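Commentary on secondary and tertiary structure
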Amino acid sequence: MKTYFLLFLISFQLLLVSYTAEAQSGKVPPFRMVQKNGKVFKAEDLPIGKPIIIIYFSPECKDCQSLTDKVIARINDFKSASIAMITYLSLESVTQFVNKNGLDKYPNIYVGTEGNSIFVMNYYNIKDFPFIALYTKNGDLVKQYFDKETDVNDLLRRLNSL
């Protein structure tokens, strides 16, 4: 029994080390989230050849709502990118947020919950919401935004330079 536990512990530590190494590589994290429709959406499901914006948010966060409003107001400027909005809160919260903001009508926005895994939250060491990471079409990290008041103009300027 001790041998199995020791093997499990070693395997778990190796897994953590590999995730840490991957996080430091500056690539899009291999996230998984459950969408409003109950389907699992993975990082590899993002369209190929488009810049990627990852937004980690809370449906209950006023700054996250403000950011969402700003993105929707300039949605035509974001059409060249895939936007993955990820939270750890319940699927019910995600559904309410998607419905409230009409996010279903934007084909380049993918919203879901990673649930209790909080893999993405740990990947970026997120302490505050909203968090934004911008990646090139090849999945290389360009910029991370940790500010509560993210400058959408700066995000768009960087997106357009890709």
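Right, let's walk through the structure included here. (Residues numbered from 1 in each chain as written. Predicted model: local features only at pLDDT ≥ 70, side-chain atom pairs only at ≥ 80, totals over all residues. Heavy atoms only, no water.)

All right, on to the environment of L67 then. When you line up the elements, L67 lands in helix α2 (residues 62-73). Along the sequence, L67 and P130 sit 63 residues apart, while their C-alpha atoms lie 7.8 Å from each other. (Helix = DSSP H or I, 4+ residues; strand = E, 2+ residues; numbered from the N terminus.)

Judged by nonpolar contacts, the single largest core of 49 residues is most densely connected at F31, I53, I54, F78, M85, L103 and Y124. Secondary-structure elements contributing two or more residues to this core are β3 (52-56), α2, β4 (82-87), α3 (91-101), β5 (109-113), α4 (119-124), β6 (131-135) and α5 (152-160). Non-local contacts of Y124, meaning those with residues more than four positions away in its chain, are made with P29, I54, F131, A133, Y135, Q144 and F146. (Core = buried A, V, L, I, M, F, W, Y, C linked by side-chain atoms within 4.5 Å. Buried < 20%, exposed > 50% of the residue type's maximum accessible area, 1.4 Å probe, protein only. Contact = heavy atoms within 4.5 Å.)

A few words now on unusual backbone geometry. Here the bond from F129 into P130 is cis, since omega is -10°, no more than 30 degrees from zero. By the secondary structure assignment, P130 is in the loop between α4 and β6. Here I118, not a glycine, exhibits a phi torsion of approximately 40°, which is positive. Here I118 shows up in the loop between β5 and α4. The class for I118 is partly exposed, based on a relative accessible area of 26%. Positive phi outside glycine occurs at N125, with the angle close to 55°.

So, about α5. Buried within α5 we find V152, D154, L155, L156 and L159. At its buried positions, α5 is contacted by β3, α2, β6 and β7 (141-145). Where α5 begins, one side-chain oxygen reaches toward the backbone nitrogen of N153, 3.0 Å away; that side chain belongs to D151. (Polar contact = N/O pair within 3.5 Å; in protein donor to acceptor, adjacent residues only side chain to side chain.)

Attention now moves to the sheet that holds β5. With mixed pairing, the 7 strands of this open sheet are ordered in space as β2-β1-β5-β4-β3-β6-β7. Each of the sheet's edge strands pairs with one partner strand only, and the pair in question is β2 (40-42) and β7. Shown here is a sheet whose adjacent strand axes are inclined to one another by a mean of 30°, direction ignored. Bridge analysis of β4 against β5 gives 5 bridges, and the strand direction is parallel. What sits directly across from T87, in β5, is T113. In the packing of α5 onto the sheet, contacts are made with β3, β6 and β7, and the angle to β7 comes to roughly 175°. (Pairing = 2+ DSSP bridges. Axes fitted to C-alpha atoms, helices over the stretch in contact; angles between N-to-C directions.)

Bringing the pairing of β5 into the picture now. Buried residues dominate β5, accounting for 5 of its 5 residues. Of the two faces of β5, the one carrying I109, V111 and T113 and the one carrying Y110 and G112 are both buried. Two elements, strand β1 (residues 32-35) and β5, share 2 bridges in a ladder whose sense is antiparallel. Bridging from a neighbouring strand, Q35 pairs with G112 of β5. For the handedness criterion, the β-α-β arrangement of β4, α3 and β5 is classed as right-handed. (Right-handed = clockwise from strand over helix to strand, strands pointing away.)

Take α2 next. In this model α2 runs 16 Å from its N-terminal to its C-terminal C-alpha over 12 residues, within 8% of the 16 Å that 1.5 Å per residue would give. Listed in full, the buried residues belonging to α2 are D63, C64, Q65, L67, T68, V71 and I72. Among the structural elements, β3, β4, α3, β6 and α5 are those in contact with the buried residues of α2. (Expected span 1.5 Å × (residues − 1).)

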